[in-house]
Amino acid sequence: MQRCPAPCLPQDGDHKRWKVRLLDEDLEHHFSPSDLVFLSPDADEALTCVDKSKVYVIGGLVDVSVQKRSSLTRARELGATAVRLPLREHVADVANRRQPLTLPAVLEMLLHVNATGDWLPPPPAEPAGRH
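Residues numbered from 1 in each chain as written. Predicted model: local features only at pLDDT ≥ 70, side-chain atom pairs only at ≥ 80, totals over all residues. Heavy atoms only, no water.

**Side note on the nonpolar core**
Part 1 of the argument: By size, the foremost hydrophobic cluster in this structure holds 16 residues, and its most contacted members are Leu39, Leu47, Ile58, Leu85, Val106 and Leu110.
Part 2 of the argument: With six residues, the top contributor of residues to this core is helix 3 (residues 103–116).
Part 3 of the argument: Excluding residues within four positions of it along the chain, Leu110 makes contact with Leu39, Leu47, Val50, Ile58 and Leu85.
Part 4 of the argument: The next biggest cluster of nonpolar side chains, apart from the first, holds 12 residues, and it includes Leu27, Phe38, Val57 and Leu72. (Core = buried A, V, L, I, M, F, W, Y, C linked by side-chain atoms within 4.5 Å. Buried < 20%, exposed > 50% of the residue type's maximum accessible area, 1.4 Å probe, protein only. Helix = DSSP H or I, 4+ residues; strand = E, 2+ residues; numbered from the N terminus. Contact = heavy atoms within 4.5 Å.)

Shown next, in the form of structure tokens:
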């Protein structure tokens with residue numbers, strides 16, 4: 001978490017309660033590909049439930065700009081599973097269902113689904129720039 005840019009973390013420090021591991025080495029040095037689930041907006045298969053025995057890779061390829069298919073490609077290279085959040089199935093009014101979400105938004109959705117079994121509506125839109 002030390003290398004994560006400040007804008008990707010909640011301002012209130014809420015991220016300190018997340019069970020997150022920072023790895024300096026590649027994932028395959030720590031986990032079997034069969035245990036990894038990459039979240040990618042480019043994956044065809046939707047995530048249906050949170051499996052506590054799996055390791056979810058969220059924002060594992062953070063960069064200044066969005067690089068399409070990068071997390072999906074990495075999952076395929078490793079032989080790991082790649083799934084997308086089920087926005088098109090549960091959130092009808094999202095204009096771009098493949099739009100990347102912030103790390104805190106994805107984590108909060110997963111925490112909520114794990115606790116309740118229900119999917120959250122999309123996170124509030126980012127405030128528009130000054131006019």
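There is more to say after this.
**Considerations on helix 3**
Part 1 of the argument: Compared with an ideal rise of 1.5 Å per residue, which puts 14 residues at 20 Å, helix 3 spans 20 Å between its outermost C-alpha atoms and is within 8% of the ideal.
Part 2 of the argument: Three or more residues of helix 3 are buried, namely Leu103, Pro104, Ala105, Val106, Leu107, Met109, Leu110 and Val113.
Part 3 of the argument: Buried residues along helix 3 sit against strand 1 (36–39).
Part 4 of the argument: Directly beyond the C-terminal end of helix 3, a positive phi value near 85° is found at Gly117. (Expected span 1.5 Å × (residues − 1).)

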